[in-house]
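# Results of the structural survey
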Amino acid sequence: MPASRTAPASRPAPVTPASPVRTGLIQITVAGVLWGTTGIVVHVVHETTGLNPVSIGFHRLAIAALVLSAVAAPRLRPTLAALRAAPLPLLATGVGLGIYQALYFAAVAFAGVGVATLVSIGLAPVLAVAWESLRARRLPGPFRLATLAAAVAGLALVTGASAEPTSAAPRPLLGLLAAAGSGLGYAATTLVSRHVSRTTPPMTLTTISTVIGALTLAPFALSAGLTVPARPDVVALLLHLGLVTTALAYVLFNAGLRTVEGSVAAVLTLVEPLTAAALAVVLLGEPLPLPVLTGGVLLLTAVAATYLAPVAGGPTIAGCLRRRSRSAPPRSRT
(Lines give C-alpha, C1' and ligand atoms only; values in the text may rest on other atoms or scores of the structure.)
Protein backbone atom coordinates (compact mmCIF):
# COMPACT_ATOMS: atom_id res chain seq x y z
CA MET A 1 0.00 0.00 0.00
CA PRO A 2 1.57 3.22 -1.07
CA ALA A 3 2.36 5.76 1.56
CA SER A 4 -0.26 8.40 1.80
CA ARG A 5 0.77 11.75 0.50
CA THR A 6 -0.01 14.77 2.52
CA ALA A 7 -1.53 17.49 0.40
CA PRO A 8 0.59 20.61 0.45
CA ALA A 9 -0.82 23.41 2.51
CA SER A 10 -2.63 25.88 0.36
CA ARG A 11 -0.98 29.26 0.22
CA PRO A 12 -3.08 32.34 0.68
CA ALA A 13 -3.70 34.22 -2.52
CA PRO A 14 -1.42 37.23 -2.82
CA VAL A 15 -3.10 40.53 -2.14
CA THR A 16 -2.93 42.58 -5.29
CA PRO A 17 -2.88 46.34 -5.06
CA ALA A 18 -5.92 48.36 -6.01
CA SER A 19 -6.33 48.83 -9.75
CA PRO A 20 -5.28 52.18 -11.23
CA VAL A 21 -8.91 52.99 -12.01
CA ARG A 22 -10.05 52.38 -8.44
CA THR A 23 -7.13 54.42 -7.11
CA GLY A 24 -8.06 57.23 -9.45
CA LEU A 25 -11.66 57.18 -8.23
CA ILE A 26 -10.48 57.48 -4.63
CA GLN A 27 -8.04 60.29 -5.45
CA ILE A 28 -10.68 62.38 -7.20
CA THR A 29 -13.26 61.77 -4.46
CA VAL A 30 -10.83 62.91 -1.74
CA ALA A 31 -10.03 65.98 -3.83
CA GLY A 32 -13.74 66.77 -4.02
CA VAL A 33 -14.13 66.56 -0.23
CA LEU A 34 -11.16 68.91 0.25
CA TRP A 35 -12.62 71.35 -2.28
CA GLY A 36 -15.88 71.24 -0.36
CA THR A 37 -14.23 73.18 2.47
CA THR A 38 -13.20 76.02 0.13
CA GLY A 39 -16.46 77.93 0.01
CA ILE A 40 -16.89 78.34 3.74
CA VAL A 41 -13.24 79.40 4.19
CA VAL A 42 -13.59 81.98 1.41
CA HIS A 43 -16.80 83.26 3.03
CA VAL A 44 -15.11 83.68 6.41
CA VAL A 45 -12.04 85.41 4.92
CA HIS A 46 -14.22 87.75 2.84
CA GLU A 47 -16.48 88.65 5.76
CA THR A 48 -13.70 89.20 8.31
CA THR A 49 -11.19 91.01 6.09
CA GLY A 50 -13.22 92.53 3.25
CA LEU A 51 -10.71 91.03 0.81
CA ASN A 52 -11.98 90.91 -2.78
CA PRO A 53 -12.86 87.40 -4.08
CA VAL A 54 -10.34 87.77 -6.91
CA SER A 55 -7.65 88.72 -4.39
CA ILE A 56 -8.51 85.68 -2.27
CA GLY A 57 -8.20 83.51 -5.37
CA PHE A 58 -4.82 85.03 -6.17
CA HIS A 59 -3.51 84.38 -2.64
CA ARG A 60 -4.75 80.79 -2.84
CA LEU A 61 -3.01 80.07 -6.13
CA ALA A 62 0.11 82.04 -5.25
CA ILE A 63 0.64 80.07 -2.02
CA ALA A 64 0.15 76.79 -3.84
CA ALA A 65 2.42 77.88 -6.70
CA LEU A 66 5.25 78.89 -4.35
CA VAL A 67 5.13 75.62 -2.40
CA LEU A 68 4.82 73.41 -5.47
CA SER A 69 7.57 75.31 -7.31
CA ALA A 70 9.91 74.80 -4.35
CA VAL A 71 9.13 71.07 -4.36
CA ALA A 72 9.57 70.84 -8.15
CA ALA A 73 12.76 72.95 -8.25
CA PRO A 74 15.11 69.91 -8.31
CA ARG A 75 13.12 68.61 -11.30
CA LEU A 76 13.11 71.81 -13.32
CA ARG A 77 14.16 70.12 -16.56
CA PRO A 78 11.09 67.80 -16.76
CA THR A 79 8.85 70.78 -16.02
CA LEU A 80 10.34 72.80 -18.87
CA ALA A 81 10.09 69.75 -21.13
CA ALA A 82 6.38 69.43 -20.33
CA LEU A 83 5.86 73.10 -21.20
CA ARG A 84 7.62 72.66 -24.53
CA ALA A 85 5.65 69.51 -25.31
CA ALA A 86 2.16 70.98 -24.72
CA PRO A 87 2.34 74.77 -24.24
CA LEU A 88 -1.18 75.67 -25.35
CA PRO A 89 -3.09 73.02 -23.33
CA LEU A 90 -1.06 73.82 -20.21
CA LEU A 91 -1.63 77.54 -20.71
CA ALA A 92 -5.37 76.93 -21.16
CA THR A 93 -5.47 74.77 -18.03
CA GLY A 94 -3.76 77.42 -15.90
CA VAL A 95 -5.80 80.34 -17.23
CA GLY A 96 -9.01 78.34 -16.84
CA LEU A 97 -8.10 77.45 -13.27
CA GLY A 98 -7.61 81.11 -12.37
CA ILE A 99 -10.79 82.31 -14.08
CA TYR A 100 -13.26 79.69 -12.89
CA GLN A 101 -11.89 79.90 -9.36
CA ALA A 102 -12.29 83.69 -9.24
CA LEU A 103 -15.84 83.39 -10.58
CA TYR A 104 -16.65 80.77 -7.94
CA PHE A 105 -15.32 82.96 -5.14
CA ALA A 106 -17.41 85.86 -6.45
CA ALA A 107 -20.46 83.58 -6.53
CA VAL A 108 -19.83 82.60 -2.89
CA ALA A 109 -19.71 86.28 -1.86
CA PHE A 110 -22.83 87.21 -3.85
CA ALA A 111 -25.07 84.11 -3.63
CA GLY A 112 -23.84 82.12 -0.63
CA VAL A 113 -21.75 78.99 -0.29
CA GLY A 114 -24.40 76.33 -0.89
CA VAL A 115 -26.03 77.80 -4.01
CA ALA A 116 -22.72 78.86 -5.57
CA THR A 117 -21.16 75.43 -5.15
CA LEU A 118 -24.25 73.53 -6.25
CA VAL A 119 -24.65 75.51 -9.49
CA SER A 120 -20.98 75.76 -10.44
CA ILE A 121 -20.11 72.11 -9.81
CA GLY A 122 -23.49 70.63 -10.74
CA LEU A 123 -23.44 72.23 -14.18
CA ALA A 124 -19.98 70.98 -15.14
CA PRO A 125 -20.78 67.32 -15.98
CA VAL A 126 -23.90 68.27 -17.93
CA LEU A 127 -21.94 70.86 -19.91
CA ALA A 128 -19.28 68.24 -20.60
CA VAL A 129 -21.91 65.90 -22.06
CA ALA A 130 -23.31 68.72 -24.22
CA TRP A 131 -19.81 69.51 -25.52
CA GLU A 132 -19.13 65.88 -26.36
CA SER A 133 -22.38 65.73 -28.35
CA LEU A 134 -21.49 68.90 -30.28
CA ARG A 135 -18.00 67.61 -30.96
CA ALA A 136 -19.40 64.34 -32.29
CA ARG A 137 -21.99 66.29 -34.34
CA ARG A 138 -24.69 64.07 -32.99
CA LEU A 139 -27.72 64.87 -30.88
CA PRO A 140 -27.86 63.14 -27.50
CA GLY A 141 -30.21 60.20 -27.16
CA PRO A 142 -33.52 60.43 -25.28
CA PHE A 143 -31.88 59.49 -22.00
CA ARG A 144 -29.26 62.23 -22.32
CA LEU A 145 -31.89 64.79 -23.39
CA ALA A 146 -33.95 63.92 -20.31
CA THR A 147 -30.80 64.37 -18.22
CA LEU A 148 -30.18 67.83 -19.66
CA ALA A 149 -33.82 68.78 -19.14
CA ALA A 150 -33.64 67.75 -15.48
CA ALA A 151 -30.48 69.80 -15.04
CA VAL A 152 -32.07 72.90 -16.61
CA ALA A 153 -35.19 72.46 -14.47
CA GLY A 154 -33.08 72.11 -11.35
CA LEU A 155 -31.07 75.21 -12.19
CA ALA A 156 -34.31 77.14 -12.80
CA LEU A 157 -35.64 76.14 -9.37
CA VAL A 158 -32.40 77.14 -7.66
CA THR A 159 -32.35 80.45 -9.54
CA GLY A 160 -35.99 81.28 -8.79
CA ALA A 161 -35.68 80.47 -5.10
CA SER A 162 -32.45 82.46 -4.78
CA ALA A 163 -33.59 85.66 -6.48
CA GLU A 164 -34.32 87.58 -3.28
CA PRO A 165 -31.33 89.15 -1.49
CA THR A 166 -30.51 87.90 1.99
CA SER A 167 -27.71 88.47 4.46
CA ALA A 168 -25.91 85.37 3.16
CA ALA A 169 -26.65 86.22 -0.48
CA PRO A 170 -26.63 90.01 -0.95
CA ARG A 171 -26.58 89.90 -4.79
CA PRO A 172 -28.02 86.51 -5.71
CA LEU A 173 -28.63 86.98 -9.45
CA LEU A 174 -25.10 88.24 -10.04
CA GLY A 175 -23.83 85.36 -7.93
CA LEU A 176 -25.77 82.82 -10.00
CA LEU A 177 -24.30 84.24 -13.21
CA ALA A 178 -20.81 83.98 -11.70
CA ALA A 179 -21.52 80.40 -10.59
CA ALA A 180 -22.72 79.46 -14.09
CA GLY A 181 -19.57 80.97 -15.59
CA SER A 182 -17.48 79.07 -13.06
CA GLY A 183 -19.21 75.80 -13.99
CA LEU A 184 -18.53 76.44 -17.67
CA GLY A 185 -14.86 77.19 -16.98
CA TYR A 186 -14.51 74.14 -14.73
CA ALA A 187 -16.01 71.83 -17.36
CA ALA A 188 -13.74 73.18 -20.11
CA THR A 189 -10.63 73.04 -17.92
CA THR A 190 -11.38 69.46 -16.83
CA LEU A 191 -11.71 68.30 -20.44
CA VAL A 192 -8.43 69.98 -21.40
CA SER A 193 -6.49 68.81 -18.36
CA ARG A 194 -7.75 65.25 -18.88
CA HIS A 195 -5.77 65.02 -22.12
CA VAL A 196 -2.71 66.78 -20.72
CA SER A 197 -2.62 64.54 -17.64
CA ARG A 198 -1.96 61.47 -19.81
CA THR A 199 1.53 62.70 -20.66
CA THR A 200 2.31 65.14 -17.81
CA PRO A 201 3.02 63.97 -14.22
CA PRO A 202 0.43 65.21 -11.67
CA MET A 203 2.92 67.29 -9.69
CA THR A 204 4.23 68.98 -12.83
CA LEU A 205 0.75 69.66 -14.17
CA THR A 206 -0.44 71.13 -10.86
CA THR A 207 2.68 73.29 -10.48
CA ILE A 208 2.43 74.75 -13.98
CA SER A 209 -1.33 75.36 -13.78
CA THR A 210 -1.18 77.10 -10.39
CA VAL A 211 1.69 79.34 -11.50
CA ILE A 212 -0.17 80.33 -14.67
CA GLY A 213 -3.43 80.75 -12.73
CA ALA A 214 -1.77 83.06 -10.19
CA LEU A 215 -0.21 85.14 -12.96
CA THR A 216 -3.61 85.37 -14.66
CA LEU A 217 -5.27 86.79 -11.55
CA ALA A 218 -2.35 89.01 -10.49
CA PRO A 219 -3.31 92.17 -12.46
CA PHE A 220 -6.92 92.05 -11.24
CA ALA A 221 -5.88 91.30 -7.67
CA LEU A 222 -3.41 94.20 -7.65
CA SER A 223 -6.13 96.63 -8.73
CA ALA A 224 -8.54 95.26 -6.10
CA GLY A 225 -5.98 95.24 -3.28
CA LEU A 226 -3.82 92.50 -1.81
CA THR A 227 -3.41 93.68 1.78
CA VAL A 228 -4.05 90.89 4.26
CA PRO A 229 -4.39 91.51 8.03
CA ALA A 230 -1.47 89.95 9.90
CA ARG A 231 -3.76 87.82 12.05
CA PRO A 232 -3.05 84.16 12.81
CA ASP A 233 -6.58 83.05 11.93
CA VAL A 234 -6.56 84.77 8.54
CA VAL A 235 -3.10 83.47 7.69
CA ALA A 236 -4.14 79.94 8.71
CA LEU A 237 -7.24 80.12 6.52
CA LEU A 238 -5.26 81.32 3.50
CA LEU A 239 -2.68 78.59 4.06
CA HIS A 240 -5.51 76.05 4.17
CA LEU A 241 -6.78 77.37 0.84
CA GLY A 242 -3.35 77.26 -0.76
CA LEU A 243 -1.88 74.07 0.66
CA VAL A 244 -4.86 71.78 1.30
CA THR A 245 -7.61 72.80 -1.13
CA THR A 246 -5.23 73.66 -3.98
CA ALA A 247 -1.78 72.04 -3.84
CA LEU A 248 -2.85 68.72 -2.29
CA ALA A 249 -6.34 68.54 -3.84
CA TYR A 250 -5.23 69.33 -7.39
CA VAL A 251 -2.31 66.91 -7.25
CA LEU A 252 -4.80 64.19 -6.25
CA PHE A 253 -7.28 65.31 -8.93
CA ASN A 254 -4.70 65.42 -11.73
CA ALA A 255 -3.36 62.03 -10.63
CA GLY A 256 -6.86 60.57 -10.80
CA LEU A 257 -7.42 62.01 -14.27
CA ARG A 258 -4.69 59.74 -15.59
CA THR A 259 -7.01 56.74 -15.27
CA VAL A 260 -10.52 58.25 -14.96
CA GLU A 261 -12.43 59.90 -17.79
CA GLY A 262 -13.10 63.63 -17.48
CA SER A 263 -16.89 63.26 -17.42
CA VAL A 264 -16.66 60.62 -14.69
CA ALA A 265 -14.27 62.84 -12.72
CA ALA A 266 -16.81 65.66 -12.87
CA VAL A 267 -19.42 63.31 -11.42
CA LEU A 268 -17.16 62.21 -8.58
CA THR A 269 -16.53 65.81 -7.53
CA LEU A 270 -20.22 66.07 -6.62
CA VAL A 271 -19.03 65.38 -3.12
CA GLU A 272 -17.82 68.99 -3.17
CA PRO A 273 -21.28 70.66 -3.24
CA LEU A 274 -22.59 68.11 -0.75
CA THR A 275 -19.72 68.91 1.64
CA ALA A 276 -20.05 72.64 1.06
CA ALA A 277 -23.82 72.67 1.56
CA ALA A 278 -23.56 70.68 4.78
CA LEU A 279 -20.87 72.99 6.18
CA ALA A 280 -22.82 76.09 5.13
CA VAL A 281 -25.97 74.91 6.93
CA VAL A 282 -24.17 73.73 10.07
CA LEU A 283 -21.53 76.44 10.48
CA LEU A 284 -23.02 79.48 8.73
CA GLY A 285 -26.73 78.82 9.22
CA GLU A 286 -27.48 79.33 5.53
CA PRO A 287 -31.10 78.45 4.71
CA LEU A 288 -31.93 75.74 2.18
CA PRO A 289 -35.60 76.28 1.20
CA LEU A 290 -37.58 73.50 -0.42
CA PRO A 291 -37.22 74.80 -4.04
CA VAL A 292 -33.43 74.92 -3.62
CA LEU A 293 -33.40 71.38 -2.21
CA THR A 294 -35.66 70.16 -5.04
CA GLY A 295 -33.54 71.88 -7.67
CA GLY A 296 -30.41 70.50 -6.09
CA VAL A 297 -31.80 66.97 -6.18
CA LEU A 298 -32.66 67.40 -9.88
CA LEU A 299 -29.18 68.68 -10.66
CA LEU A 300 -27.49 65.87 -8.75
CA THR A 301 -29.81 63.29 -10.34
CA ALA A 302 -28.98 64.64 -13.79
CA VAL A 303 -25.27 64.37 -13.12
CA ALA A 304 -25.57 60.88 -11.64
CA ALA A 305 -27.53 59.85 -14.73
CA THR A 306 -24.67 61.16 -16.84
CA TYR A 307 -22.44 58.60 -15.11
CA LEU A 308 -24.90 55.75 -15.65
CA ALA A 309 -25.90 56.61 -19.21
CA PRO A 310 -24.69 54.37 -22.05
CA VAL A 311 -21.67 55.65 -23.94
CA ALA A 312 -22.48 56.01 -27.65
CA GLY A 313 -25.04 53.22 -27.46
CA GLY A 314 -22.60 50.85 -25.81
CA PRO A 315 -21.98 49.83 -22.22
CA THR A 316 -22.25 52.29 -19.37
CA ILE A 317 -19.26 54.20 -18.09
CA ALA A 318 -19.67 52.46 -14.75
CA GLY A 319 -19.63 49.10 -16.47
CA CYS A 320 -16.48 49.99 -18.40
CA LEU A 321 -14.80 50.97 -15.17
CA ARG A 322 -15.81 47.73 -13.46
CA ARG A 323 -14.59 45.57 -16.35
CA ARG A 324 -11.37 47.51 -16.67
CA SER A 325 -10.80 47.10 -12.93
CA ARG A 326 -11.37 43.34 -13.11
CA SER A 327 -9.25 42.82 -16.21
CA ALA A 328 -6.29 44.93 -15.10
CA PRO A 329 -3.26 42.66 -14.59
CA PRO A 330 -1.73 42.69 -11.11
CA ARG A 331 1.32 44.86 -10.72
CA SER A 332 4.67 43.27 -10.07
CA ARG A 333 5.90 43.52 -6.54
CA THR A 334 9.43 44.14 -7.64
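What follows deals with the overall build of the protein chain. Looking only at helices and strands, the protein chain features 14 helices and zero strands. Along the protein chain, from the amino end to the carboxyl end, the secondary structure elements read α-α-α-α-α-α-α-α-α-α-α-α-α-α. Looking at the protein chain residue by residue over its 334 residues, the buried ones come to 47%. Expressed as a percentage of contacts within the protein chain between residues at least 6 apart in sequence, the contacts between residues at least 24 apart total 88%. For the protein chain, the accessible area works out to roughly 16,500 Å², and carbon and sulfur atoms hold 70% of it.

In this description, an aromatic ring pair is defined by two values, namely the gap between the centres and the angle between the planes. Applying the stated rule across the entire model yields four aromatic pairs. Arranged with centres 4.8 Å apart and planes meeting at 50°, the rings of Trp 35 and Tyr 250 form a pair that is tilted. Remark: Tyr 250 occurs in helix H10 (residues 232–256) and Trp 35 occurs in helix H1 (residues 20–35); sequence separation between them is 215 residues. For Tyr 250, a relative accessible area of 8% puts it in the buried group. Ring centres of Tyr 104 and Phe 105 lie 5.9 Å apart, and the angle between their planes is 55°; on these two criteria the pair is classed as tilted. With respect to burial, Tyr 104 and Phe 105 carry one shared label: buried. What links up through ring pairs into an aromatic cluster is the set Trp 35, Tyr 250 and Phe 253.

Moving on, we come to the environment of Leu 25. The residue Leu 25 is located in helix H1 in this model. Considered as a pair, Leu 25 and Thr 259 are 234 residues apart in the sequence and their alpha carbons are 8.4 Å apart.

Quick look at the environment of Pro 287 now. Note on placement: Pro 287 falls in the loop between helix H12 (271–284) and helix H13 (290–308). Looking at Pro 287, the relative accessible area reads 59%, which means it is exposed. Residues Pro 287 and Gly 112, spaced 175 residues apart in sequence, show a C-alpha to C-alpha distance of 9.7 Å.

Turning to its location among the elements, Thr 216 is positioned in helix H9 (residues 202–224). Given a relative accessible area of 19%, Thr 216 falls into the buried group. At 2.7 Å, the side chain of Thr 216 and the backbone oxygen of Ile 212 are in polar contact. In contact with Thr 216, not counting residues within four places along its chain, are Val 95 and Ile 99.

What follows concerns the packing of helix H3 (residues 53–72) against H10. Where H3 contacts H10, the axes come no closer than 8 Å and their chain directions differ by 60°. As the angle between them shows, H3 and H10 are arranged oblique. Once H3 is placed against H10, the crossing between them reads as right-handed. In this structure, H3 uses Ile 56, His 59, Arg 60, Leu 61, Ile 63, Ala 64, Val 67 and Leu 68 to contact H10, whose residues at the interface are Leu 238, Leu 239, Leu 241, Gly 242, Leu 243, Thr 245, Thr 246, Ala 247, Tyr 250 and Val 251. For the contact of H3 with H10, a count of residues per class yields 13 nonpolar, four polar and one charged.

With that out of the way, let us pick up the nonpolar core. The tendency in soluble globular proteins is for nonpolar side chains to be buried as a group. Counting residues in hydrophobic clusters, the biggest one holds 27 residues, and the most contacted among them are Val 42, Ile 56, Val 108, Val 115, Val 119, Leu 238 and Leu 241. For this core, the secondary structure elements donating two or more residues are helix H2 (38–49), H3, helix H5 (87–111), helix H6 (113–136), helix H8 (172–196), H10 and H12. No other element matches the six residues that H5 contributes to this core. If you look at the next biggest cluster of nonpolar residues, it comprises 23 residues, including Phe 58, Ala 102, Ala 214 and Phe 253.

Averaged over every residue, the pLDDT of the protein chain is 76; the share at 70 or more is 74%. Within the model, pLDDT remains below 50 along residues 1–18, and this stretch shows five contacts once partners closer than five positions in the same chain are excluded. Across residues 310–334 the pLDDT falls below 50, and counting only partners more than four positions away or on other chains, this stretch makes 30 contacts in the model.

Our focus in this paragraph is the packing of H5 against H9. For any two helices packed against each other, one specifies the crossing angle of their axes together with the interaxial distance. Two elements in contact, H5 and H9, have axes separated by 7 Å at closest approach and are oriented at 55°. Taken together, the axis directions place H5 and H9 in an arrangement best described as oblique. As H5 packs across H9, the resulting crossing turns out to be right-handed. Judged by residue contacts, Leu 90, Leu 91, Thr 93, Gly 94, Val 95, Leu 97, Gly 98, Ile 99, Gln 101 and Ala 102 of H5 engage Leu 205, Ile 208, Ser 209, Thr 210, Ile 212, Gly 213, Thr 216 and Leu 217 from H9.

To continue, consider the side chain of Thr 210. Mapped onto the elements, Thr 210 comes out in helix H9. A relative accessible area of 0% places Thr 210 in the buried class. Side-chain polar atoms of Thr 210 contact the backbone oxygen of Thr 206, separated by 2.8 Å. Other than its neighbours up to four places away in sequence, Thr 210 contacts Leu 61, Ala 64, Ala 65, Leu 68, Leu 97 and Thr 246.

Each value, and the rule that gives it
- Residues numbered from 1 in each chain as written.
- Predicted model: local features only at pLDDT ≥ 70, side-chain atom pairs only at ≥ 80, totals over all residues.
- Heavy atoms only, no water.
- Helix = DSSP H or I, 4+ residues; strand = E, 2+ residues; numbered from the N terminus.
- Buried < 20%, exposed > 50% of the residue type's maximum accessible area, 1.4 Å probe, protein only.
- Contact = heavy atoms within 4.5 Å.
- Areas by Shrake-Rupley, 256 points an atom, 1.4 Å probe, with all protein chains shown as cover.
- Phe/Tyr/Trp six-rings, centres within 6.5 Å; stacked < 30°, edge-to-face > 60°.
- Polar contact = N/O pair within 3.5 Å; in protein donor to acceptor, adjacent residues only side chain to side chain.
- Axes fitted to C-alpha atoms, helices over the stretch in contact; angles between N-to-C directions.
- Parallel < 35°, antiparallel > 145°, perpendicular 65-115°, else oblique.
- Left-handed = near helix turned anticlockwise from the far one by under 90°.
- Nonpolar A, V, L, I, M, F, W, Y, C, P; charged D, E, K, R; others polar.
- Core = buried A, V, L, I, M, F, W, Y, C linked by side-chain atoms within 4.5 Å.
- pLDDT = per-residue confidence, 0-100.

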